[in-house]
Amino acid sequence: MKKIIELKNVNKWFDKFQALKDVSLEVNQQEKIVICGPSGSGKSTLIRCINRLEEHQEGQIIVDGNEISENTKDIEKIRAEVGMVFQQFNLFPHLSILDNCTLAPIWVKKMPKKKAEEIAMQNLERVQIADQAKKFPGQLSGGQQQRSALARALCMEPKIMLFDEPTSALDPEMIKEVLDAMVDLAKAGMTMIVVTHEMGFAKEVADNMIFMDEGRIVEKAKTKDFFDNPKSDRTKLFLSQIL
Amino acid sequence: MNTLKPSKHNIKTYLPAGIILIAFSFLDVIMNSFFQIDLVGFFPGIISYFFPLIIGFIGLYLIRVEFSGVRNLDILNKNINSNNFNAVLTLLTLFVILKSISPLINWFFLEANFVGNSKEDCTGDGACWVFIKVWFRRLIYGMYPDPEQWRINTAFLLLFTLVGITFFAPAKIKKYFILFLIFVYPFIGIKLIGGGDFGLTYVETAAWGGLSLTFIISAFAIIFCFPIGVFLALGRRSNLPAIKYISIGFIELWRGVPLITVLFMASVMFPMFLPDGTFIDKLIRVLFAITMFEAAYMAEVVRGGLQALPKGQYEAARSLGMGYWRMNFLIILPQALKLVIPGIANTLLALVKDTPLIFVVGLMELAGMIRLAKTNPNWLGMAMEGYVFAGLVFWIICYAMSRYSQNLEKKLSTER
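Residues numbered from 1 in each chain as written. Chains lettered and ligands numbered in written order. Predicted model: local features only at pLDDT ≥ 70, side-chain atom pairs only at ≥ 80, totals over all residues. Heavy atoms only, no water.

### Quick look at unusual backbone geometry
One non-glycine residue, Asn9(A), lies in the positive phi region at around 45°. Its location among the elements puts Asn9(A) in strand S1 (residues 3-14). You will see that Gln36(B), though not glycine, has its phi angle at about 55°, which is positive. Position of Gln36(B) among the secondary structure elements: in the loop between helix H1 (11-35) and helix H2 (45-63). (Helix = DSSP H or I, 4+ residues; strand = E, 2+ residues; numbered from the N terminus.)

Structural data, given as C-alpha cells:
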C-alpha cells in the first residue's frame, strides 16, 4: 500500500488557542478513515490543514509526495487533487448545477467544455441528480445540494476526498441519500477522510477510526476494534454518549 | 348612534349618498382648478375653500362599510379609506394633484410659446420654448462648429448601432463586441469627434459641449471607473500589506475631497507639476479626475458586496484548485457585483449628475450651456425654461439607467 497523506507532529494555533497538538497520521491509498470526536476537538481543522484551507505552524504535512507549507509553490495543483465536501455545501449560487461542476475542470484543468460537461453528467448520474443539472442550487433540497457538491468535487477527478461533516446541516430524511452516495464512492476505491458523527456509516465503510479530543488524536484503531473494545476511557465515554 | 354607523344594512342608502358627496367634492375641485368656476362661492371664503374636503370626508365616511361584500369597495376601503385620518390624507393628496395639474399644463403647453425666433415672440404667460428651440443646437453640441456636427451624430449613431448589435448578438460572439465597445470604440469615437487626422478638421475640446459632452464624459467615466473600482476593492481586502494600504490611501484620498476641488486641481494645479512644454488636454485631465473620484466610491460599493459573501464561497473555490484571480473573477465578483447592483447604479447616476460641475474648469455640458444661454442679453429671464429642460433631460437619462439596473437585477436573479 502506498502512502498518500502523511502528517508528522503537526501543531496549529489560532492565536493563543492550540487547535492541533502534535498530530501524526498516515493515510494509504484507497484507505477510508473516519474521524470523530466532540465539537471543538480539532477534527475539521485537521482535514482543512490537509488542503491548506488552514495553515499549520509546526510539523510536516505531505500530500501525494508534496510537502505543504507556506513555501509550496503550486498549492492550487495539490488542492485540485484533493476534493472537499463542506458541511454547508458551499455550492456557487450564481451558477447552475452543471456549471458548478464544469467550472473548475474548464478553468483549472483547462479541459474542453464538451468533455467537462460529459464528466459532469457522469458524476451527476453517479449521485443520481442528473435530472437537476440545469437548476440552480437555491432550487434544490439540502440533500440534493450536498450530492451536487459531491459531484462537483468528483469532477476534478481527485485522488483524495475530504468530508467535513457532510450530513450535519441536513434534515434527517436527507442524510441517507448523501451517505448512500458516499458509500458508493468508497466502494469505488476512493481515498477518503471523513469527519462525521454517523457511526453507522463509519462501521460500514471505514478501515480505520480516529478519535480526537482537545486537538490530540486520542485513539486510532481498526474500525472493529474501535467500536468493540476501545482502549481509552475518553473514547469509551464518547461512544457511550453517541451510540 | 350605532344605528347611524355605515354597515351592511344601510349600504343601499349610504353608498349612493357617499358616492354623490365624493363626486361633488371632486367636481368642485376640478371646476375650480380648470375652469375657475367656484360652485360654492356663496359660502364665506374659508368655508368654500375647505368645502370639498369636508363633504368628501363625509362621503368617504358613509361608504366605509366593513365587509360590504362588494369587492372593489372593500379594496378601496382597505387601501385608501381605512380610517378618518387616511380618508383626509387621500382627499388631500388627490386635491393637491388636481390643483397643480392645471397650472402645470398651462405653463408647459396652453400658455407656452413654441413659434418664433426671438424673445419678443414669447407673449404668453407660460414657458418660452422658443428659447430651447433657438438654442437647441448649442445645447446639444456646445460650441462645436455647425458644419462639423455630423461627426458627433455619426459617433453616437455608431455607438448606438454597436450597442444594439451587441445586445442582440448571439452569446458566442457577444464578448468580442463588448471588448470592441470598451477598448476600441472610445478611440474611434474620440478621433471622429476630435479630428486632426483622416482629413477631419481638428476641433479643440474647449469647443465641445452641451448634451453630447455630458454623454462623452459620463460614458468614459463609467467605462473606466468601474474596473478601477473593482481592483481597488479587491486591493483593499488583499493580504499583501503594500497593495492593501495603497488601495486604502487612494480610496480615502479621493473620497475625502469634494469633486469640485478635484476638478479645480486637475485644471489649475496639475499643469504646474508637469515639466515645461508638456501639455495634457483639459478634457482628459477632467476625465481622469472624475474617473478616479467615482472609482473610489465604486470601490467601496463593491467592497460591500465582497464582504457580504460567506467565507464558504472562498473556501469552496480554493478547494477546487482555483488561484486568487480565478476565484475572484469566476466565483466571488459575479456574486458580489450582483448583490450591489443598486449601489452601482446609485454611484453611476451620481456620476452622470455630477458632470455639470465641470463648469469650474470652463467646460460646458448641457447645464453649462443653459447657464451660458440664459445670460445672453437677448434671452435674459429664461432660466426657468432652461433648467426645466435640463432637468427633464437628466431625468430621462437617469430613469433609463435606473430601469436598466432593475432589469439586470431581475435577469441575474437565480433564486427560485
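### Remarks on the packing of H1(B) against helix H4 (residues 84-110) of chain B
All names here are of chain B. At a closest axis distance of 8 Å, the pairing of H1 and H4 adopts a crossing angle of 25°. Judged by the inter-axis angle, H1 sits roughly parallel to H4. When the axes of H1 and H4 are compared, the crossing they make is right-handed. For the pair formed by H1 and H4, the contact residues are Ser25, Phe26, Val29, Ile30, Asn32, Ser33 and Phe34 on the first element and Leu91, Leu94, Phe95, Leu98, Lys99, Ile101 and Ser102 on the second. Among the residues making up the contact of H1 with H4, the classes are represented as nine nonpolar, four polar and one charged. (Axes fitted to C-alpha atoms, helices over the stretch in contact; angles between N-to-C directions. Parallel < 35°, antiparallel > 145°, perpendicular 65-115°, else oblique. Left-handed = near helix turned anticlockwise from the far one by under 90°. Contact = heavy atoms within 4.5 Å. Nonpolar A, V, L, I, M, F, W, Y, C, P; charged D, E, K, R; others polar.)

### Examining a nonpolar patch on the surface
Residue and element names in this part refer to chain B. Together, Ile30, Phe34, Phe35, Ile37, Leu94, Ile97, Ile101, Ile105, Phe109, Leu110, Phe114 and Val115 give the surface a local cluster of nonpolar side chains, amounting to about 1100 Å² of exposed area. For the nonpolar patch, the secondary structure elements donating two or more residues are H1 and H4. Top element by residues in the nonpolar patch is H4. It accounts for six residues. Given the relative accessible area of 34%, Leu94 is considered partly exposed. (Patch = residues over 30% accessible without salt bridge, like charges linked within 9 Å, V, L, I, M, F, W, Y side chains within 5 Å. Areas by Shrake-Rupley, 256 points an atom, 1.4 Å probe, with all protein chains shown as cover. Salt bridge = Lys/Arg side-chain N within 4 Å of Asp/Glu carboxyl O. Buried < 20%, exposed > 50% of the residue type's maximum accessible area, 1.4 Å probe, protein only.)

### Details of the packing of aromatic side chains
All names here are of chain B. Counted by the stated rule, this structure contains 22 aromatic pairs over all chains. When the centroid spacing of 6.4 Å and the interplanar angle of 35° are considered together, the rings of Phe156 and Phe160 count as tilted. Taken as a pair, Phe156 and Phe160 lie in helix H6 (residues 149-168) at a separation of four residues, close to a single helical turn. Residue Phe156 is classed as buried on the basis of its relative accessible area, which comes to 15%. Relative to Phe168, the ring of Phe167 has its centre 5.3 Å away and its plane inclined at 85°; by these criteria the two rings are edge-to-face. (Phe/Tyr/Trp six-rings, centres within 6.5 Å; stacked < 30°, edge-to-face > 60°.)

### Describing the environment of Asn84(B)
All names here are of chain B. Relative to the elements of secondary structure, Asn84 occurs in helix H4. Considering only alpha carbons, one finds Asn84 and Phe57, 27 residues apart in sequence, at a separation of 7.8 Å. Dropping the residues within four chain positions of it, Asn84 is found in contact with Phe57, Tyr61 and Arg64. Among the polar contacts listed, one links the side chain of Asn84 to the side chain of Arg64, at a separation of 3.0 Å. (Polar contact = N/O pair within 3.5 Å; in protein donor to acceptor, adjacent residues only side chain to side chain.)

### Remarks on the environment of Ile246(B)
All names here are of chain B. In this structure, Ile246 sits in helix H9 (residues 241-255). Taking the relative accessible area as the measure of exposure, Ile246 reaches 61% and is therefore exposed. Remark: the alpha-carbon pair of Ile246 and Leu232, spanning 14 residues in sequence, is separated by 9.0 Å.

### Details of the sheet that holds strand S2 (residues 17-28) of chain A
Residues and elements named next belong to chain A. The strand order across the open sheet formed by four strands is S2-S1-S4-S5, and the pairing between neighbours is antiparallel. Each of the sheet's edge strands pairs with one partner strand only, and the pair in question is S2 and strand S5 (66-67). Here S1 pairs with S2 via eight bridges, running antiparallel. Each residue of the ladder has a partner; that of Glu6, found in S2, is Glu26. (Pairing = 2+ DSSP bridges.)

### Examining helix H16 (residues 383-412) of chain B
Residue and element names in this part refer to chain B. Taking 1.5 Å of rise per residue, the 30 residues of H16 would be expected to cover 44 Å, and the 43 Å separating its terminal C-alpha atoms lies within 8% of that figure. Taken residue by residue, H16 has Glu385, Gly386, Phe389, Ala390, Val393, Phe394, Ile397, Cys398, Ser402 and Ser405 as its buried positions. On its buried side, H16 packs onto H4, helix H5 (129-141), helix H8 (210-236), helix H14 (341-354), strand S1 (364-365) and helix H15 (366-374). (Expected span 1.5 Å × (residues − 1).)

### Some remarks on the domain arrangement of chain B
Examined at the domain level, chain B breaks down into domain 1 (11-110) and domain 2 (130-144 + 203-412). The C-alpha-based centres of domain 1 of chain B and domain 2 of chain B are spaced at 46 Å. (Domains from an automatic or database assignment.)

### Here's the deal with the pattern of salt bridges
Where charged atoms of side chains with opposite charge meet at close range, the side chains can pair. Taken as a whole and assessed by the stated rule, the structure comprises 24 salt bridges over all chains. In this structure, the salt-bridge partner of Lys77(A) is Asp74(A), at a minimum N-O distance of 3.6 Å. Relative accessible area serves as the criterion here: at 42%, Asp74(A) is assigned to the partly exposed category. Connected through shared salt-bridge partners, Arg236(B), Glu252(B), Arg255(B), Glu300(B) and Arg303(B) make up one network.

### Some remarks on the pairing of S1(A)
Residue and element names in this part refer to chain A. Between S1 and S2, which pair antiparallel in sequence order, lie two residues; one of them, Asp15, sits at a positive phi of approximately 50°. Sheet topology places S1 next to strand S4 (residues 58-63); five bridges connect them, and they run antiparallel. The residue of S4 that forms the bridge with Lys8 is Gln60.

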